[in-house]
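Remarks on the overall topology
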Amino acid sequence: MRPAAALLLLASLACVREDRAALHRRPIGPAPASGWARLSLDAGAQRQIKEAWIGDAAGRSVPFLIAREGLWESRSLPLEHLLLGKDSMGRPTAEFSLKLPEGWQVGERENLRLEWDLQGTAPWVAQVKAERQRDGGGFIAYDPPSPLHLYDLSPSGSRRQLDLPWDGHRYRLTLLASQGEAPHIRGLTARAETRPEALETELALEGALAPEPGKPHTWRLNLPESERIVGLELQLAPPVAPLQPEIRIGEGPEEFRTWYGSDLVWNLPALNTRSSRIALQPVEAKTLTLTLPEGATPLSVRVLVRRQTLLFPAEAGQAYALHLGGEIKPAPGSLGALPSIRTLAATTPLALGPSQPDDQGIPHREGADQRARPWMPWVAGLALLILGGVAWRLFQQEEAK
């Protein structure tokens, strides 16, 4: 039976394949100082994030976190020295400082989420002028890429919250009426949050919208490759009052998502007001379609992209690499148990180098549970022929005796 056993062993080994050609690694630029480091992925690494691991020069796996919403819990911050009223021009104004938890500093989370208690007669739209004060200096205006708005357009929708970067000790907020009369500010609450998708986007990809055949008031946009989409800049042909677009991302009944988000867009030159920013829950896709109410026409669209960022503990001057194309080499423990450290905005991202062969990578292995291959019937047939020949030879030897 030894020939049969050897044959079975060879057949089982033939079912285990390793593809080392797919393994590659990307060197990571050395960190200037020891501590938390952040690594922004490019499009190629982004697509392989599920099989990526970080290794040091010796090939040891280094633990890392993927920056994401909810990475660290949000925290309610009491307001101090809250002043509510109107400025010299009669515009509703709020001014406040934040009471920090013990051991915290300004910016312990990257964003402040403000919830507004407002009283006004709908419909109204108000632009928010935000200023913050740092270390006892003067107030500095916050100039975001797209103006901040609060509104109540019942029953079309309303927004009474907004996000600001947490980079000041004291804040002053003023409501500038764009439509109707600015509401009275009755109160404010603040939460400190880490929300990577609320930070500035890395890329704004210009796109050309093409009418979708057979679907009225619908346009399609195709990107050159899949990207992690976090928002749109949608310019509408004026005049158009605030409206809520329907956005469908991805293709196929199981691969798309449809948003009817709280973000409204409009373009009213006569009232000197316009809003074009639409925030989306981060999703990786290559195609999106946009449906607008009858009469609304898009002039241009930019797709806002923020790729994943990895956070890991790095020693100054040490060599690290991002390993891709194979199995994950796990690192023991969890960095999620550590307290929040201001890394997303405080440190310059490390850079990824060009792709190299990876002799430390772990190739994908095809084990016994993956034997259903096109060539397996031929192997099985050959094995049966050889086993049959061995059995026939043993039978003849028994007959000869």
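Residues numbered from 1 in each chain as written. Predicted model: local features only at pLDDT ≥ 70, side-chain atom pairs only at ≥ 80, totals over all residues. Heavy atoms only, no water.

**Overview of the overall build of the protein**
- The number of helices and strands found in the protein is three helices and 29 strands.
- Relative to its 401 residues, the protein shows a buried fraction of 41%.
- Contacts in the protein between residues far apart in sequence, at least 24 positions, make up 80% of those at least 6 positions apart.
- In the structure as shown, the protein presents an accessible area of about 21800 Å², 54% of it carried by carbon and sulfur atoms. (Helix = DSSP H or I, 4+ residues; strand = E, 2+ residues; numbered from the N terminus. Buried < 20%, exposed > 50% of the residue type's maximum accessible area, 1.4 Å probe, protein only. Contact = heavy atoms within 4.5 Å. Areas by Shrake-Rupley, 256 points an atom, 1.4 Å probe, with all protein chains shown as cover.)

**Examining the environment of alanine 22**
- Looking at where alanine 22 falls in the secondary structure, it is placed in the loop between helix H1 (2-14) and strand E1 (24-28).
- A relative accessible area of 35% places alanine 22 in the partly exposed class.
- Each C-alpha atom, one on alanine 22 and one on proline 357, is 8.7 Å from the other, the two residues being 335 residues apart in sequence.
- Setting aside residues no more than four positions away along its own chain, alanine 22 makes contact with Leu324 and Gly325.

**Considering the sheet that holds strand E23 (residues 265-268)**
- Taken in spatial order, the three strands line up as E20-E23-E24 in an open sheet, and their pairing is antiparallel. Edge positions in the sheet fall to strand E20 (240-243) and strand E24 (273-275), since each of these pairs with one other strand and no more. Adjacent strand axes in the sheet meet at a mean angle of 20° when their direction is disregarded.
- Summarising the sheet, E23 and E24 pair through three bridges and their orientation is antiparallel. (Pairing = 2+ DSSP bridges. Axes fitted to C-alpha atoms, helices over the stretch in contact; angles between N-to-C directions.)

**Considering the sheet that holds strand E4 (residues 61-62)**
- As summarised here, the arrangement of the five strands in space is E4-E3-E28-E1-E29, forming an open sheet in which the pairing is antiparallel. Taken across any chain shown, the strands that pair with only one partner, and hence form the sheet edges, are E4 and strand E29 (356-357).
- As paired strands, strand E3 (residues 53-56) and E4 are joined by two bridges and run antiparallel to one another. Looking across to E4, one finds that glycine 55 is bridged to serine 61.

**Here we look at the packing of aromatic side chains**
- Per the stated rule, a full pass over the model turns up three aromatic pairs.
- Judged by centre distance (6.1 Å) and plane angle (90°), the ring pair of tyrosine 151 and tryptophan 266 falls under edge-to-face. Of the two residues, tyrosine 151 is situated in strand E12 (residues 148-152) and tryptophan 266 in strand E23; the sequence distance between them amounts to 115 residues.
- If you follow arginine 172 out to its NZ or CZ, it ends over the ring of phenylalanine 139, 4.1 Å from the centre. (Phe/Tyr/Trp six-rings, centres within 6.5 Å; stacked < 30°, edge-to-face > 60°. Lys NZ or Arg CZ within 6 Å of the ring centre and 35° of its normal.)

**With respect to the pattern of salt bridges**
- Taken as a whole, this structure holds 16 salt bridges when the rule is applied.
- Taking the shortest distance from any N to any O, the salt bridge between arginine 91 and aspartate 87 comes out at 2.9 Å.
- The shortest N-O distance in the salt bridge between aspartate 117 and arginine 186 comes to 3.1 Å. Of this pair, aspartate 117 sits in strand E9 (residues 111-119) while arginine 186 sits in strand E16 (residues 184-193); the two residues are 69 residues apart in sequence, bridging distant segments of the chain.
- A relative accessible area of 33% means that aspartate 117 is categorised as partly exposed. (Salt bridge = Lys/Arg side-chain N within 4 Å of Asp/Glu carboxyl O.)

**So, the nonpolar core**
- If you look at the biggest cluster of nonpolar residues, it comprises 27 residues, and the most contacted ones within it are Trp116, Trp166, Leu173 and Leu175.
- Residue assignment for this core shows that the elements contributing at least two residues are strand E8 (92-98), E9, strand E10 (124-133), E12, strand E14 (161-165), strand E15 (170-179) and E16.
- Residues in contact with leucine 175, not counting those within four places in the same chain, are Arg91, Pro92, Trp116, Leu118, Ala126, Gln127, Val128, Leu150, Ala182, Pro183 and Ile185. (Core = buried A, V, L, I, M, F, W, Y, C linked by side-chain atoms within 4.5 Å.)

**What to know about the confidence of the model for the protein**
- For the protein, the average pLDDT comes to 82, and 79% of its residues sit at 70 or higher.
- Ignoring residues within four places in sequence, the model shows residues 7-16, a span with pLDDT below 50, making 13 contacts including any to other chains.
- Taken as a whole, residues 368-372 scores under 50 in pLDDT and shows four contacts with residues more than four places along the chain or in a different chain. (pLDDT = per-residue confidence, 0-100.)

**Some remarks on the pairing of strand E28 (residues 320-324)**
- Within E28, five of the five residues are buried, which leaves the element mostly enclosed by the surrounding structure.
- By the alternation rule, side chains of E28 split into Tyr320, Leu322 and Leu324 and Ala321 and His323, which are all buried.
- Both E1 and E28 contribute to a ladder of five bridges, which runs antiparallel. Counted as the bridge partner of arginine 25 is histidine 323 from E28.
- Two elements, E3 and E28, share four bridges in a ladder whose sense is antiparallel. When the bridges of E28 are listed, tryptophan 53 appears paired with histidine 323.

**Some points on unusual backbone geometry**
- Geometrically, the link from alanine 122 to proline 123 is a cis peptide bond, its omega value of 5° lying close to zero.
- You can see proline 123 is positioned in the loop between E9 and E10.
- Following proline 238, the chain continues into proline 239 via a peptide bond in cis, with omega recorded as -5°.
- In this structure, proline 239 sits in the loop between strand E19 (218-236) and E20.
- With a phi angle near 50°, histidine 81 is a residue other than glycine that sits in the positive phi range.

**Observations regarding the environment of leucine 148**
- With respect to the helices and strands, the residue leucine 148 is situated in strand E12.
- For leucine 148, a relative accessible area of 16% corresponds to the buried category.
- A sequence separation of 14 residues divides leucine 148 from leucine 162, and the C-alpha atoms of the two residues are 7.6 Å apart.
- Once you skip the residues sitting within four places of it in the chain, leucine 148 turns out to touch Ala126, Gln127, Val128, Tyr142, Leu162 and Leu164.

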